[in-house]
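What follows is each chain in one-letter form.
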Amino acid sequence: MGTIVVNGGRRLNGQLFVQGSKNAVLPILAATILTREPCYLRHVPAIKDVQVSLQILSQLGGRVTRMDGSVHIENAILNPENLTPTLASKMRSSILFSGACLSAYGYSRLDKPGGCLIGERPIDMHLQCFRDMGAHVEEHDTYTILSADRLQGCIHHLRLPSVGVTENVLLAAVLAEGTTIIRGAAREPEIVTLCQCLRKAGARIAGEGSSQITVQGVEKLHGFVFHVPADRIVAATYLCSVMATGGSLWLSGVNAWEMDSLLRVLERMGAEVGVRPHSMHLQMKGKPVGIPFLQTGYYPELPTDVQSLLLIPLCLSKGAGEIEERIFENRFRIVPELQKMGAVVHTDGNRVRYEGVEALHGTAVRAAELRGGAALVMAGLAAQGQTVISGIEYIERGYENLVGDLKRIGADIYYER
Ligand code: UD1
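Residue indices begin from 1 for each chain and proceed along its sequence in written order. With the structure being a predicted model, the display of local features is reserved for residues of pLDDT at least 70 and the display and counting of side-chain atom pairs for 80 or more, all residues being used for whole-chain, interface and lining totals. No hydrogens and no water enter the side-chain calculation; it runs on all heavy atoms of the structure.

Right, let's get into the pairing of strand 15 (residues 272–276). Where strand 15 meets strand 16 (residues 279–284), five bridges bridge the pair, whose relative direction is antiparallel. Paired with Glu 272 across the strands is Gln 283, a residue of strand 16. When DSSP locates at least two bridges between a pair of strands, those strands are taken to pair. Helix numbers and strand numbers start at the N terminus; a helix is a DSSP run of H or I with at least 4 residues, a strand a run of E with at least 2. In sequence, strand 15 turns back onto strand 16 through a hairpin of two residues.

If you want it as structure tokens, here you go:
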């Protein structure tokens, strides 16, 4: 599969245009199943998870055409029974394709979803919501069959604001009979984006961005054209890289308000941050300042997806502290790898504790999940000497051009295939 090689110690300076959002585009790709008319998406990131999603649509019977950053999809008539377990189990978000197939075709086979190994990641809430909407759920060891005539609107009380469950209920509710209310809904920007897209297709939705969303089911949706917004976690990756190496970075195409919780942390660590309507600037001089206590949480709190990214500048900071991980139970897989690089860091239950060191040193490390993998690349950027990162297939799940982007802003980084 190859490795990424980084010769560390260079400051990063320049400007980057941020790729389309992985977490926004995946439910939108599932939403194309809800209409038989053509859909056209722009600013679609060229990442593995999108590639798998497009393969799923093709396997279901859709016609998919990619042109540079755009995708044209025509799902005139699909057969949900065509989906093979191997493809579905490659990616956790394949569960959203089940919700959309159930809603539009009354049938779906759900194979144990894959994705990053960051925790148990149960699907009980997804299944309960489908049951509450009248679906028949037949659970087997490795797969589940979902079936329904037409789903019925109802009131859902989510026991926690799951992003995936909120998206799945939205996909199911837009074509359901009657009104669906989601109480305790996720408020992430990607939920708002999905609702904007579904509304373009003719869905009747209100309240997205708050914890109660109301959907009035319609008989039919039509095709849509949609521009995928920038990826706030990729933006966070580049910002945290500059925090670790020092330097100055302009990011274009971003909505900085979506990253408010992170930007406030970066300012506390010593960054100068400037925000404009569709761009932002960060400058980091000197060593980062450590923060005694941080915790991840549901939006608008600090995202779990930036936890390992932030850990790199914190491990190089003046000071010590801890981060409490409150969303996933196994999100510290980079800790032993960082220890190999000289970081003083260890885990204690759902907390990771660090003491800032003067420098990290390059060595061979292995990525075991998407954001942790990107964080190891960042650690390599800031380390003395050479770092070789394997397991890069995880990184390619979510980053279109991590190596090229970092090279453009001054990193000494390359692929060794
Ligand atoms: C999405 C994001 C992921 C992000 C996560 C949390 C996508 C493609 N992925 O993942 O990058 O880290 O939100 O912001 O958008 N849970 C249950 N039962 C369920 C479903 C979820 O207990 O049926 C729990 C999970 O174990 C977790 C919590 O709910 O502890 C939140 O997970 P969820 O928001 O569902 O994450 P994803 O949608 O999988």
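Around the ligand, the structure places 21 residues, and the nearest of them are Asp 124, Ser 162, Val 163, Asp 305 and Ile 327. For the purposes of these results, a polar contact is taken to be a pair of N or O atoms within 3.5 Å, where, inside protein, one atom must be able to donate a hydrogen and its partner to accept one; residues adjacent in sequence count only when each atom of the pair is a side-chain atom. Pro 122 has a polar backbone atom sitting 3.2 Å from an oxygen atom of the ligand. Contact distances for the ligand include 3.3 Å between an oxygen atom and a side-chain N or O atom of Arg 159. Calculation of accessible area relied on Shrake-Rupley with a 1.4 Å probe; when residues are assessed, cover is drawn exclusively from the protein chains displayed. Burial of the ligand by the surrounding chains reaches 89%, relative to a free accessible area of 750 Å². Those elements that place two or more of their residues in the shell around the ligand are helix 5 (124–132) and helix 6 (163–173). Amino acid classes used here: Ala, Val, Leu, Ile, Met, Phe, Trp, Tyr, Cys and Pro are nonpolar; Asp, Glu, Lys and Arg are charged; the rest, including Gly, are polar. Of the residues in the shell around the ligand, the class split is nine nonpolar, six polar and six charged. Counting the residues that make up the shell around the ligand, at least three belong to each of domain 1 (3–19 + 230–416) and domain 2 (22–227). Definition of nearness: a residue and a molecule or strand are near each other if at least one heavy atom of the residue lies within 4 Å of the molecule or strand. Note that the domain bounds reflect an automated or database-derived domain assignment.

Moving on to the domain arrangement of the protein chain. Taken as a whole, the protein chain is organised into domain 1 (3–19 + 230–416) and domain 2 (22–227). A straight line from the C-alpha centre of domain 1 to that of domain 2 covers 30 Å. When domain 1 packs against domain 2, close to 2100 Å² is buried across both sides, 53% of that on carbon and sulfur atoms. Summed over both partners, the accessible area lost on bringing two parts together, with a 1.4 Å probe, is the buried area. Taken as a group, Tyr 298, Tyr 299 and Arg 397 account for 31% of the area that domain 1 buries against domain 2, more than any other trio of residues on that side. A salt bridge links Asp 49 to Arg 397, with the nearest nitrogen and oxygen atoms 2.7 Å apart. At the surface where domain 1 touches domain 2, the tally comes to eight residue pairs in polar contact (both at pLDDT 80 or more). What counts as a salt bridge is simple: a side-chain nitrogen of Lys or Arg found within 4 Å of a carboxyl oxygen of Asp or Glu.

This brings us to the nonpolar core. Remark: nonpolar core denotes a set of buried residues (Ala, Val, Leu, Ile, Met, Phe, Trp, Tyr, Cys) joined through side-chain atoms within 4.5 Å. Relative accessible area decides the class of each residue, using a 1.4 Å probe on protein chains only: under 20% of the type maximum gives buried, over 50% gives exposed, and in between gives partly exposed. With 75 residues, the main nonpolar core has Leu 251, Leu 266, Leu 309, Leu 310 and Leu 406 as its most contacted residues. Broken down by element, this core gets its largest block of residues, ten residues, from helix 8 (residues 232–245). Residue contacts follow a heavy-atom distance rule, with two residues in contact if any of their heavy atoms lie within 4.5 Å. Discounting chain neighbours no more than four positions away, the residues touching Leu 266 are Leu 239, Met 243, Ala 271, Leu 282 and Leu 310. Formed by 74 residues, the second largest nonpolar core is a distinct cluster that contains Ala 31, Leu 96, Tyr 105 and Leu 175.

By definition, the strands of a sheet pair up through backbone hydrogen bonds, in either a parallel or an antiparallel sense. If you trace the four strands from one edge of the open sheet to the other, you get 17-18-20-19, paired in mixed fashion. The sheet terminates laterally at strand 17 (293–295) and strand 19 (344–348), the two strands that pair on one side only. On average, each strand axis in the sheet is inclined to that of its neighbour by 20°, with strand direction left out of account. Across three bridges, strand 17 lies against strand 18 (residues 320–324) in parallel orientation. Considered in strand 18, the bridge of Phe 293 is made with Glu 322. Each axis is a line fitted through C-alpha atoms, taken for helices only over the stretch in contact, and angles between the N-to-C directions span 0 to 180 degrees. Sheet contacts for helix 10 (residues 307–315): strand 17, strand 18, strand 19 and strand 20 (351–355); angle to strand 20, the most-contacted strand, approximately 20°.

Take Ser 317: it is sitting in the loop between helix 10 and strand 18. Owing to a relative accessible area of 2%, Ser 317 belongs among the buried residues under this scheme. With residues up to four places along the chain from it excluded, the contact list for Ser 317 reads Lys 287, Pro 288, Val 289, Gly 290, Tyr 354, Gly 356 and Val 357.

Enumeration according to the criterion identifies 20 salt bridges in this entry. One salt bridge in this structure joins Asp 49 and Lys 22, with 3.9 Å as the shortest N-O distance. With Asp 49 in helix 2 (residues 48–60) and Lys 22 in helix 1 (residues 22–31), this residue pair connects regions lying 27 residues apart in the sequence. Across the pair, exposure class does not vary: Asp 49 and Lys 22 are buried alike.

Time to look at the sheet that holds strand 16. Taking strand neighbours across the sheet as the criterion, the four strands line up as 2-14-16-15 in an open arrangement whose pairing is mixed. What marks the edges here is a single partner per strand, and that holds for strand 2 (12–17) and strand 15. Strand-to-strand, the axes of this sheet are offset by a mean angle of 5°, without reference to chain direction. Pairing of strand 2 with strand 14 (residues 247–252), which is carried by six bridges, proceeds in the parallel orientation. Bridged to Leu 16 within strand 14 is Leu 251. Sitting on the sheet, helix 8 touches strand 2, strand 14 and strand 16, and the angle it makes with strand 14 is about 170°.

Let's shift gears to helix 2. Here the expected length of a helix is defined as 1.5 Å per residue gap, with one fewer gap than residues. Taking 1.5 Å of rise per residue, the 13 residues of helix 2 would be expected to cover 18 Å, and the 18 Å separating its terminal C-alpha atoms lies within 8% of that figure. For helix 2, the complete set of buried residues consists of Asp 49, Val 50, Val 52, Ser 53, Leu 54, Ile 56, Leu 57 and Leu 60. If you follow the buried residues of helix 2, they end up packed against helix 1, strand 4 (63–67), strand 5 (70–74), helix 3 (85–88) and helix 4 (94–105). Where helix 2 ends, the next residue or the one after it, Gly 61, has phi of about 120°, a positive value.

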